[in-house]
Amino acid sequence: MTRAERMSQHLNRALHELFAADERAWLLGEDVVDPYGGAFKVTQGLSTAYPDRVLSTPLSENGITGIAGGLALCGDTVIVEIMFGDFVGLAFDPIINFLTKSVAMYGEHTPMRVVIRCPVGGGRGYGPTHSQSVQKHFIGIPHLALFELSPLHDAADVLAAALRRDEPSMLFEDKILYTQRRYVDNRVDDRLAFELLGADRNWARVYDPAAAAAPTLVIAPGGAANRAIAAARKAWEQGHNVEVLIPARLYPFDVDGVLGLLDGADGVIVAEESTAGGTWGSEVATRLYAAAWPLLRRPIELVSSAATIIPSAPHLERAVLLSADTILERIMQRATGESAASGAASRDRAAPSWQTPGTAPVSSTGSPLTRLRQARAVEQGVAVSVPKLNNNDDSYVLLEWLVPAGATVEVGQVIAAVETSKAIEELAATHAGVLRQDLAAGADCVPGSTIGYILSAGAFPAAAPPVAEPPVVTQPALPGRPLPPSQRRIADVVATSHREIPVAFTAVRVDVTVALAYARRAADETGADVSLTEVVIAAVARLHEQFPALYAQLTGDGRVIEAAQPSVGLTVDVGTGLFLPVIRDAAKLDLGDLADTVVELRMKALRNRLREDDMAGMNFLVALNNTPGVIYAQPIIPPGVTCALSVPDVHREVVLDVGGEVRERMMADLGLAYDHRLVNGAQAGAYLAALSVALQR
């Protein structure tokens, strides 16, 4: 299968092709000029190649769009970049009163070749004013076409289709797609294929070629397409045929492109990230009802995000935005009349008052003892227990309850967060019912302990009568402040490391000038955020085969276990604690994929979404001590790891070359901390020498 470009890189190439072919093309936007190249690097390199036609503008969406209209009236082509689609509302007046009206209000058709690019969507923790999907606010405006980028359409084709109309267009780009790769060669994966349909290849159809049953059609644009495909995969695993249809043009809606698929389909679901009410999905349903009523077996269903602002907190953002589980639930309701086995409970069906959803009723048969046990189980409820999350900790911290006591919870709903020495783990409800909290937030809890119960609604105890308060005995305040829970876990790891591991340390000064240049080239070629960190990780991964002892693990009974593949840990400090996520099988990743993985892990850490699985299996640690000015650092070796490599800040050094010329080079003092039981000084020195050579090639 052809290796696909990332979406940001692909769109960047399409813009370069447009500017090379059209000498009257302009790009206007905030911070679009190099070296910044736009907030999401989509315009990188354009200002260098076309400095007179790529202009960074003041922060005025109204002004940017107005200038674009003036250039278009003169016959030019204009691409406008709105930094975040949320801000396009500031350009509403020039869009509806100037750009679109200019097409027809001068007595003849006037070409207005303007494309307004709008990064939209959530999923990145940007909060209420930087995460919205605003497509629905621009539907129905005469002479304004709406397009949306998807991982199945060619961006150059979409731009060409928009400009061929000679009318203003808006191109919505889901931010979550920028770092993802396109689907190519008509394949989504080993099972799923896709094809482009219609005269202008507007529709992408994702389907299982081996499926024979009548499909449920899920229409999902842009970034929602991948969520719909993920939902379809789970539905296929449960024996239901689903096809996903992705349009490039949202409005005017292309009915003809899908009419042939409606005949014989089991039903239609429209999924979008916008909130409900006056949406693109409503427009789709209206058009399909008018054009294809005899072909529809059931009413068209709409699925969207919750009708509220988009929070920054990860668990709250996930609860608001359209998800694959939301789409799957609707698919399974349509297919079976019941909710999917995905943890998402149906909100359309209420359980009887005597029975909490997700719990079994008391049986009317069986022995009296069995019935008594069942009745007591219903009364007591289902325990909320702390699972064993890793082998390093004897206890964890109940960081917070995410649902108030007495609230009704659903199956799969996240109700609590537990902090281990490595990560923050979320605990989900295994049953539906009313939450009772038996342990306060901030308390220690051991694996297997019960921190609360999920009770049936009828069994939830009534409020107890007030009891006279005992006299309060004032205790003198202790000096100082308590160590935060996250720091306590780090302290435990550090103490264990110092207590159990005999550490030795060796450092070497390395010229990283070549490595930094290599990182810059890789960033330009892949579109990923490649830095010295990724180059070092890649070199460390390649050295595993030559130095297996440095990646081994010493067991408690004195046995040495060598690693089959290098799994490199990385220190990530986001201000709330130190995390050690792991890049598994790092030797199999190219620099672009490695950079994407590092960014993903850092984002998870920033948003408290790292899980134990993200930090399991490490056999080598790369410790980043690259705070500006730091030239030397000795890292801690985590238990279970043999070596930790410190990467400090890079500093400039002026030297005389062989010919006596003065030149500048970039230097880094790389240090290796190693478990002296497994590795000796000669091995450490040889390893650092090999690493130095690898970074200077």
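All of the points below concern the structure found in this document. What you are looking at is a predicted structure, and each value in this text was computed from that prediction instead of being measured.

Further remarks concern the packing of helix H1 (residues 7-21) against helix H5 (residues 155-164). One way to put it is that H1 packs onto H5 with a least axis distance of 8 Å and a crossing angle of 50 degrees. Regarding the angle of H1 to H5, the classification is oblique. In this structure, H1 crosses over H5, and the sense of that crossing is right-handed. Judged by residue contacts, His10, Leu11, Ala14, Leu15, Glu17 and Leu18 of H1 engage Ala155, Ala156, Leu159 and Leu163 from H5. Grouping the constituent residues of the contact of H1 with H5 by class yields eight nonpolar, one polar and one charged.

Sheet architecture is open: four strands sit in the order S18-S17-S15-S20, paired in antiparallel fashion. With partners counted over all chains shown, the strands left at the sheet margins are strand S18 (424-428) and strand S20 (444-445), one partner each. Pairing between strand S15 (residues 396-401) and S20: two bridges, direction antiparallel. Bridge pairing in S20 places Val397 opposite Asp444.

Our focus in this paragraph is the pairing of strand S5 (residues 145-148). Of the two faces of S5, the one lined by Ala145 and Phe147 and the one lined by Leu146 and Glu148 are each fully buried. Pairing of S5 with strand S6 (residues 169-174) involves four bridges; the strand directions are parallel. Bridge pairing in S6 places Phe147 opposite Leu171. Regarding topology, H5 serves as the crossover connection from S5 to the parallel S6, and that connection is right-handed. With two bridges connecting them, S5 and strand S11 (residues 249-251) associate as antiparallel partners. Bridged to Leu146 within S11 is Tyr251.

Reading guide: rules and limits
Residues numbered from 1 in each chain as written. Predicted model: local features only at pLDDT ≥ 70, side-chain atom pairs only at ≥ 80, totals over all residues. Heavy atoms only, no water. Axes fitted to C-alpha atoms, helices over the stretch in contact; angles between N-to-C directions. Helix = DSSP H or I, 4+ residues; strand = E, 2+ residues; numbered from the N terminus. Parallel < 35°, antiparallel > 145°, perpendicular 65-115°, else oblique. Left-handed = near helix turned anticlockwise from the far one by under 90°. Contact = heavy atoms within 4.5 Å. Nonpolar A, V, L, I, M, F, W, Y, C, P; charged D, E, K, R; others polar. Pairing = 2+ DSSP bridges. Buried < 20%, exposed > 50% of the residue type's maximum accessible area, 1.4 Å probe, protein only. Right-handed = clockwise from strand over helix to strand, strands pointing away.

Shape is all these values report; function is a separate question.
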